[in-house]
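# A closer look at the structure
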Amino acid sequence: MIVNLGKLLAVSVVSVIFQSCDGNSNKVASSAEEIKALPLIEMSSPKDGELIAEGTSVPVKYSLPEGVKDVDSTVISFNGKVVSRGTEPAVVIQTTGLKMGRQEIKIEAYKGGAVAAEKYSSISIKSANKPTQYTYNVLKTYPHDTRAYTQGLTFDNNILYEGTGQKGESELRIVDLKSGAVKKSLQLPSDIFGEGIAILGDKIFQLSWQEQRGFVYDKRSFEKLREFMYPCEGWGLTTDGTVLFLSDGTNVIRVFDPEKLIEISRIEVYDDKSSVAYLNELEYINGEIWANIYMTDNIARIDPKTGQVLGYIDFKGLLPKADYGPDTDVLNGIAYNSHTGQLFVTGKKWPKLFEIKVQKK
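What comes next concerns the included structure. This is a predicted model, so every value here is computed, not measured. (Residues numbered from 1 in each chain as written. Predicted model: local features only at pLDDT ≥ 70, side-chain atom pairs only at ≥ 80, totals over all residues. Heavy atoms only, no water.)

This part covers the pattern of salt bridges. For the structure shown, the criterion picks out 16 salt bridges. The partner of E108 in a salt bridge is K106, with the nearest N and O atoms 3.9 Å apart. For E108, a relative accessible area of 12% translates into the label buried. With relative accessibility at 25%, the residue K106 sits in the partly exposed group. Linking K224 and E227 is a salt bridge whose minimum nitrogen-to-oxygen distance equals 2.7 Å. On the accessibility criterion, K224 (44% relative accessible area) is partly exposed. Relative accessible area serves as the criterion here: at 33%, E227 is assigned to the partly exposed category. Connected through shared salt-bridge partners, D145, R147, E171 and R173 make up one network. (Salt bridge = Lys/Arg side-chain N within 4 Å of Asp/Glu carboxyl O. Buried < 20%, exposed > 50% of the residue type's maximum accessible area, 1.4 Å probe, protein only.)

Before going further, it helps to spend a moment on the side chain of S247. You can see S247 is positioned in strand β19 (residues 244–247). For S247, the side chain forms a polar contact with the main-chain oxygen of N280, separated by 2.8 Å. If sequence neighbours within four positions are ignored, S247 has contacts with E233, G234, W235, G236, V252, L279, N280 and L282. (Helix = DSSP H or I, 4+ residues; strand = E, 2+ residues; numbered from the N terminus. Polar contact = N/O pair within 3.5 Å; in protein donor to acceptor, adjacent residues only side chain to side chain. Contact = heavy atoms within 4.5 Å.)

What follows is about the nonpolar core. V60, I107 and I123 are the most contacted members of the largest nonpolar core, which totals 21 residues. Residue assignment for this core shows that the elements contributing at least two residues are β3 (57–63), β4 (73–78), β6 (90–94), β7 (101–111) and β8 (114–126). Sequence-distant contacts of V60, defined by excluding residues within four places in its chain, comprise M43, S45, P46, I76, P89, A90, V91, I93 and I107. Core analysis: the second largest hydrophobic core is formed by 17 residues, I313, Y336, V345 and W350 among them. (Core = buried A, V, L, I, M, F, W, Y, C linked by side-chain atoms within 4.5 Å.)

So this is what it looks like as structure tokens:
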């Protein structure tokens, strides 16, 4: 069961209010009704939600509302840290070294030791650098099961694992690279639409799409060890050997603790123009997260420390038109063999899996 924490907290707060003050609920309710919103400080710069390149100096300009004059001081905070304290109606915020995505700005005007007016706003940081453009060379071609609606693809100790999707067809598999034959498989429940997979230690982790259920298996036996929940759709999954990275179809990659299986942080992904959504299958390769961008021929190379898109690989034309069948779907599936340095890509219900080499355009 998924617990709605917002509702739970709201109920708890109401309960505390009406059980405090020796049971005098009327008095507490009356006090709550007297609370009024503070006047809003006007911000002329930056605009709320403005998209700004990392490294840009951002002037914060504001004016106090009518009726709030001669304040003692104005405090400006950026991401929870005070950056200015005084009475000057402007300050400059530096964005060098910031992670991509939303950054919080708060302005509070104090008078007589209390907050007399306030303003909450935000900006979003995008990359200051254009992503490097890459193309590919095919080194070798292998057969791939056209029944496999590929959702996850990864190597572990030279063994190729694949997770497939579609309700009633979703599986976890070990696949023979040379023949494409399924050597071992586990059928998921018929109501589960399988998604990305990752291997960490002796465990395999597998997501589902909209069911918000994840599965943990013993790597050798495929025995299910446990299930876990997450409050989003599940798309792609990978690991750096310490944490799990989960994509949900947006521009956000969620970072999960693999033991507690709870979200511990997030990565917002941006290039030099905007946020990059539809992040799908993931693979961790030499300090980068590589992500299929759903419904495109592109794979994004992402810095997991900042969320910056470092480059795009264009796989247009990888699968020849002659190999398309009635069920052939989009590019999806990245597998890196860290033992050999080999890189493989495929697609949903593709007849081929390709060993490729990436090069700059």
